[in-house]
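# Analysis of the macromolecular model
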Amino acid sequence: MLSVRPPHTTFSHPLIWPRRGRLGLAAAPLCVSAVATASAPETAALPGSVSFPILVNGCTGNMGLSVAEAAALRGLHLVPVSFSSREKVDRTIQVGQTDIQIYGPSAREDVLSSVIDEFPDVIVVDYTAPDSVNSNADLYCKLGLPFVMGTTGGNKQLLHKSVQDSKNYALISPQMGKQVVAFVAAMKIMAEQFPGAFSGYHLEVLESHQAGKRDTSGTAKDVIACFEKLGVSYDMNRMVKIRDPEQQLEMVGVPEEHIDGHAFHLYHLTSPDDSVSFEFQHNVCGRSIYAEGTIDAAIFLHRKVQSKDSKRIYDMDDVLREGYMQ
């Protein structure tokens, strides 16, 4: 959402989410939400679509489970293994008609080696934890496993270096929501074509996510980088990160049913004399937008591997450009 406030309107208290519609009228938050539940029937692949083995690492988490459910609904073959950060694990998770066995971290290499023997064209999707990003990627590269990295955090430079050195295939993106990716891409274009357009403007950034998200929003970092190219000076330590459910309900306006799964972002710009202000806002309720985008990414990467494409590292911009979306 882009809104322009009337002149001489100042930014509200930094913890109060200024939700406004056209002409400054109060408006409910816009939520992008669709539902794909574990109880939904497993369907066959769509006509003309592909079907291949997919291993979702992180099925014990909400995001990984959502991706596994989306994979089943899209007709992909779920590999019946996943991994946990805990060593002593004795459980299975049912997704559609597949019982997924959960293994501890010490079993990763042996189990993945067996998976490669049985499913040589498997694609791995990673939704684990920020401190596992680089070690997991190193293992995927060592074994030659193409992977989609949806987990945020870790050392991005080392991540790309691991893929480059191993000549493995990987799609790396901190944001899998296709429409949000398109918004960020548009911001990048604006920053490239109109550098300095917002010179002197003051920027306030607020982001709200479920309490379990420990790291700073990668999307917010990307958008802030665009504003910096547009001439805005910003200290990342000033970003307001809201993780408290009470504040999310009362100040941000997150619907109660989505407290455990949402991503609200607000970027507010004010001119040096406070006579002009801009707001850029994108609010997501639920996880389906990310799960669906992740499956599109996996299908895209599978096709690149099968075609032996010379390029090895991709992101969601590549997926959008080639139209691999359903």
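Residues numbered from 1 in each chain as written. Predicted model: local features only at pLDDT ≥ 70, side-chain atom pairs only at ≥ 80, totals over all residues. Heavy atoms only, no water.

This part takes up the environment of Cys226. By the element assignment, Cys226 lies in helix H6 (residues 218-229). Sequence separation of Cys226 and Ile189 is 37 residues, and the distance between their C-alpha atoms is 8.8 Å. Among residues more than four places away in sequence, those in contact with Cys226 are Val184, Met187, Lys188 and Ala191. (Helix = DSSP H or I, 4+ residues; strand = E, 2+ residues; numbered from the N terminus. Contact = heavy atoms within 4.5 Å.)

Strand order in the open sheet made by the six strands is E3-E2-E7-E8-E9-E14, with parallel pairing throughout. Of all strands in the sheet, those bounded by a partner on one side alone are strand E3 (77-78) and strand E14 (313-314). Note that strand E8 (residues 147-149) and strand E9 (residues 170-172) share three bridges and pair parallel. In the strand pairing of E9, Met149 is matched with Ile172. Taken strand by strand, helix H3 (residues 133-143) contacts strand E2 (53-57), strand E7 (123-126) and E8, and its axis lies near 170° from that of E8. (Pairing = 2+ DSSP bridges. Axes fitted to C-alpha atoms, helices over the stretch in contact; angles between N-to-C directions.)

The next point concerns the packing of helix H2 (residues 108-118) against H3. Look at H2 against H3: their axes get within 11 Å of each other, and the N-to-C directions meet at 40°. As the angle between them shows, H2 and H3 are arranged oblique. At the point where H2 passes H3, the crossing takes the right-handed sense. Between H2, through Arg108, Glu109, Leu112, Ser113 and Ile116, and H3, the contact on the second element is made entirely by Ser135, Asn136, Leu139, Tyr140, Lys142 and Leu143. Grouping the constituent residues of the contact of H2 with H3 by class yields five nonpolar, three polar and three charged. (Parallel < 35°, antiparallel > 145°, perpendicular 65-115°, else oblique. Left-handed = near helix turned anticlockwise from the far one by under 90°. Nonpolar A, V, L, I, M, F, W, Y, C, P; charged D, E, K, R; others polar.)

Before going further, it helps to examine the packing of H3 against helix H4 (residues 156-166). Where H3 contacts H4, the two axes come as close as 9 Å, and the packing angle between them is 5°. Classified by the interaxial angle, the pair formed by H3 and H4 is roughly parallel. Here H3 contributes Val133, Asn134, Ala137, Asp138 and Cys141 to the contact with H4, which in turn contributes Leu158, Leu159, Ser162, Val163 and Ser166. Along the lines of polarity and charge, the residues of the contact of H3 with H4 split into six nonpolar, three polar and one charged.

Looking now at the packing of aromatic side chains. For the coordinates displayed, the defined rule picks out eight aromatic pairs. Ring centres of Tyr201 and Phe278 lie 6.3 Å apart, and the angle between their planes is 55°; on these two criteria the pair is classed as tilted. You can see Tyr201 sitting in the loop between helix H5 (178-193) and strand E10 (202-209) and its partner Phe278 sitting in strand E13 (residues 277-285), a full 77 residues away along the chain. Taking relative accessible area as the criterion, Tyr201 reaches 16% and is therefore assigned buried. One aromatic cluster is present, formed by Phe198, Tyr201 and Phe278 through successive ring pairs. (Phe/Tyr/Trp six-rings, centres within 6.5 Å; stacked < 30°, edge-to-face > 60°. Buried < 20%, exposed > 50% of the residue type's maximum accessible area, 1.4 Å probe, protein only.)

Right, let's talk about the sheet that holds strand E6 (residues 98-103) for a bit. Across the sheet, which stays open at both edges, the three strands sit in the order E4-E6-E5 with mixed pairing between neighbours. Of all strands in the sheet, those bounded by a partner on one side alone are strand E4 (81-83) and strand E5 (92-95). Sheet twist, expressed as the mean angle between neighbouring strand axes with direction ignored, is 30°. Of the pairings in the sheet, the one linking E4 to E6 comprises three bridges and is parallel in character. Its bridge partner being in E6, Ser82 is matched across the sheet by Ile102. H2 rests against E4 and E6 of the sheet, and its axis sits at about 155° to E4.

Take helix H8 (residues 288-306) next. Every α-helix winds through 3.6 residues per turn, so residues three or four apart in the chain are directed the same way. Compared with the 27 Å implied by 1.5 Å per residue over 19 residues, the 27 Å span of H8 between its first and last C-alpha is a close match. Among the 19 residues in H8, 15 count as buried, and that is most of the element. Positive backbone phi, approximately 55°, marks Lys308, located one or two places after H8. (Expected span 1.5 Å × (residues − 1).)

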